[in-house]
Amino acid sequence: MVRYLLRRLVFLLVSLVLASIVLFVLLRMLPGDPANALTSVGASPEQIAAARHSIGSDQPLPQQFTHWIGQLASGDLGTSFVSSLPVGPEVSQRLDVTVPLTLSAFVLAVLVAVPAGFVAAYKKNTWYGALLSGVSQLGIAVPVFWLGMILIAVFALNAGWLPSGGFPQDAWSTPGEAIRSLVLPVVTVALVMSASLIRYVRSATLDVLDSEYLRTARALGSSFGRAMWRHGLRNASVPVISVLGIELASTLLGAVVVESVYALPGLGSMLATGIAQHDYPVIQGVLFVSTFGVLIIGFVADLVQRIVDPRLRGRLSGGGVR
């Protein structure tokens, strides 16, 4: 396990370096000049050249990349071209919105999807089992922004129970208002996520219900509940854990849509503003932090899988079992 952890940590560092290279190259390939965000319409070539010099975009690309890597190595995400403020503290402040939104929606989705997926599999020949399967299929096809607007119309505009958007300026200093602001966004993300998770939980449960070891345990006198708890739960959870990691990572990366619908000052809105202004440090900082979060989620999911399934603990990095 120690060797595995060391290999995974090396892989994590290499992935971060490769991600930084890809981010840097792709941003420089996008059309548009970041100096335009610093100058007025009709600026002279001298003014544009001065703006490029002030932000360093007139330097050779290898020099710009070396400078950025050096900043990352020291824990500095750079300085915004537009606001001239450090990107790191701004990202940290935005995480106070994005992280609670993502984690709360993830927990709620799991609490809904796991029992619903099990019932959909165990009672697949009943009307409510078929209904759960149908609802999950429908939920996958529903766009998250459309669902968000429906929830705003019903619970915010018509009922007036919850705010339609925004976040308190003092953030979590007033936890009650902050929580109320996140209720609808969390429910929106959780409903879409749970619809996908129900399918995977149902599929994993069906595989267990049809397995030889479960039938053998029942034939030896174990009750269905005891056989599922001792033999079926662990086997069903292994593929689901991988899907949970993917869903959590995609929710973190896809927060821009929900944050735009509900006008939340999270990483998604910060990224959208940075793209509109060609603010390279902001874009690089947000995407680098998001990429790091995704890699950590994948690392944790893989580790949990190995803890749950002993068969994976002896697997070599290149495949096979010792």
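Residues numbered from 1 in each chain as written. Predicted model: local features only at pLDDT ≥ 70, side-chain atom pairs only at ≥ 80, totals over all residues. Heavy atoms only, no water.

> Before we move on, can you summarise the overall build of the protein chain with the specific residues and values?
Along the backbone of the protein chain there are twelve helices and zero strands. Sequence-ordered secondary structure for the protein chain, helices as α and strands as β, is α-α-α-α-α-α-α-α-α-α-α-α. Total accessible area on the protein chain stands at roughly 17,500 Å², and carbon and sulfur atoms take up 67% of it. (Helix = DSSP H or I, 4+ residues; strand = E, 2+ residues; numbered from the N terminus. Areas by Shrake-Rupley, 256 points an atom, 1.4 Å probe, with all protein chains shown as cover.)

> Tell me about the side chain of Gln284, and name the residues and values.
Residue placement: Gln284 occurs in helix α12 (residues 280-308). Judged by its relative accessible area of 4%, Gln284 falls in the buried class. Setting aside its immediate chain neighbours within four residues, Gln284 contacts Leu23, Phe24, Leu27, Arg28 and Trp68. (Buried < 20%, exposed > 50% of the residue type's maximum accessible area, 1.4 Å probe, protein only. Contact = heavy atoms within 4.5 Å.)

> Please provide a residue-by-residue account of the packing of aromatic side chains, values included.
A complete count under the given rule lists six aromatic pairs for this structure. Ring centres of Phe24 and Phe65 lie 5.2 Å apart, and the angle between their planes is 65 degrees; on these two criteria the pair is classed as edge-to-face. Residue Phe24 is found in helix α1 (residues 2-29), and its partner Phe65 is found in helix α3 (residues 61-73); the two are separated by 41 residues along the sequence. Given the relative accessible area of 5%, Phe24 is considered buried. (Phe/Tyr/Trp six-rings, centres within 6.5 Å; stacked < 30°, edge-to-face > 60°.)

> Describe the packing of helix α4 (residues 87-122) against helix α7 (residues 175-209), listing the residues and the values that go with them.
Angle between the axes and distance between the axes: these two values describe a pair of packed helices. Between α4 and α7, the shortest axis-to-axis distance is 5 Å and the interhelical angle comes to 35 degrees. Here α4 runs over α7; the crossing is right-handed. For the contact of α4 with α7, the residue count by class is 28 nonpolar, four polar and one charged. (Axes fitted to C-alpha atoms, helices over the stretch in contact; angles between N-to-C directions. Left-handed = near helix turned anticlockwise from the far one by under 90°. Nonpolar A, V, L, I, M, F, W, Y, C, P; charged D, E, K, R; others polar.)

> Give a detailed account of α7, specifying residues and quantitative values.
Taking 1.5 Å of rise per residue, 35 residues should cover 51 Å, yet α7 covers just 44 Å from first to last C-alpha, more than 12% shy of that figure. Approximately 35 degrees is the largest bend angle found in α7, and it occurs at Val183, with the proline Pro185 only one to four residues beyond. (Expected span 1.5 Å × (residues − 1). Bend = angle between axes of the 7 residues up to and from the residue.)

> I'd like to hear about the packing of α4 against helix α5 (residues 127-141), residue by residue, with values.
At a minimum axis separation of 8 Å, α4 and α5 run at an interaxial angle of 130 degrees. The orientation of α4 relative to α5 falls into the category oblique. Between α4 and α5 the crossing geometry is left-handed. Residues Ala116, Val119 and Ala120 of α4 lie in contact with α5, whose contacting residues are Tyr128, Gly129, Leu132 and Ser133. Looking at the contact of α4 with α5 residue by residue, the classes come out as five nonpolar, two polar and no charged. (Parallel < 35°, antiparallel > 145°, perpendicular 65-115°, else oblique.)

> Give me the nonpolar core: which residues, what numbers.
Counting 41 residues, the largest nonpolar core has Leu182, Leu197, Tyr262 and Leu264 as the members making the most contacts within it. At the level of elements, α4, α6 (144-158), α7 and α9 (224-253) are the ones that each hand at least two residues to this core. Top element by residues in this core is α7. It accounts for 14 residues. Ignoring sequence-local partners within four residues, the contact set of Tyr262 consists of Gly148, Leu151, Ile152, Ser164, Gly165, Gly166, Leu184, Pro185 and Thr188. In terms of nonpolar packing, the next biggest core, distinct from the first, is built from 18 residues, Leu77, Val87, Leu271 and Val286 among them. (Core = buried A, V, L, I, M, F, W, Y, C linked by side-chain atoms within 4.5 Å.)

> Please give an account of the environment of Ala171 that cites residues and values.
Along the polypeptide, Ala171 turns up in the loop between α6 and α7. Residue classification places Ala171 among the partly exposed positions, given a relative accessible area of 23%.

> How would you summarise unusual backbone geometry if you had to cite specific residues and measurements?
Of note, the phi angle at Ser84 is positive, near 60 degrees, even though the residue is not glycine. When you line up the elements, Ser84 lands in the loop between α3 and α4. Owing to a relative accessible area of 54%, Ser84 belongs among the exposed residues under this scheme. The phi torsion at His278 lies on the positive side, around 55 degrees, for a residue other than glycine. Turning to its location among the elements, His278 is positioned in the loop between α11 (267-276) and α12.

> Provide a residue-level description of the confidence of the model for the protein chain, including the pertinent values.
Taken over all residues, the pLDDT of the protein chain has a mean of 81, while the share at 70 or more is 89%. Scored below 50 in pLDDT, residues 316-322 shows nine contacts in the model against residues more than four places distant or in partner chains. (pLDDT = per-residue confidence, 0-100.)

> Could you give me a rundown of the pattern of salt bridges, with the residues and numbers involved?
This model, assessed by the stated rule, comprises three salt bridges. Between Glu177 and Arg180 there is a salt bridge; the shortest N-O distance is 3.8 Å. With Glu177 and Arg180 both in helix α7, this residue pair falls three residues apart, about one helical turn. The exposure class of Glu177 is partly exposed, given its relative accessible area of 42%. (Salt bridge = Lys/Arg side-chain N within 4 Å of Asp/Glu carboxyl O.)

> Explain α3 residue by residue, including any values.
The α-helix advances 3.6 residues per turn, and as a result positions three or four apart in sequence lie on the same side. In this model α3 runs 18 Å from its N-terminal to its C-terminal C-alpha over 13 residues, within 8% of the 18 Å that 1.5 Å per residue would give. Along α3, the residues that are buried comprise Gln64, Trp68, Gln71 and Leu72. Here the buried residues of α3 occupy an arc of 100 degrees about the axis, which is enough to place them on one side. Along α3, exposed side chains directed more than 90 degrees from the buried face belong to Pro62, Thr66 and Ala73. Contact partners of the buried residues in α3: α1 and α12. Just downstream of α3 lies Gly75, where phi reads positive at about 80 degrees. (Arc of directions from axis to C-beta.)

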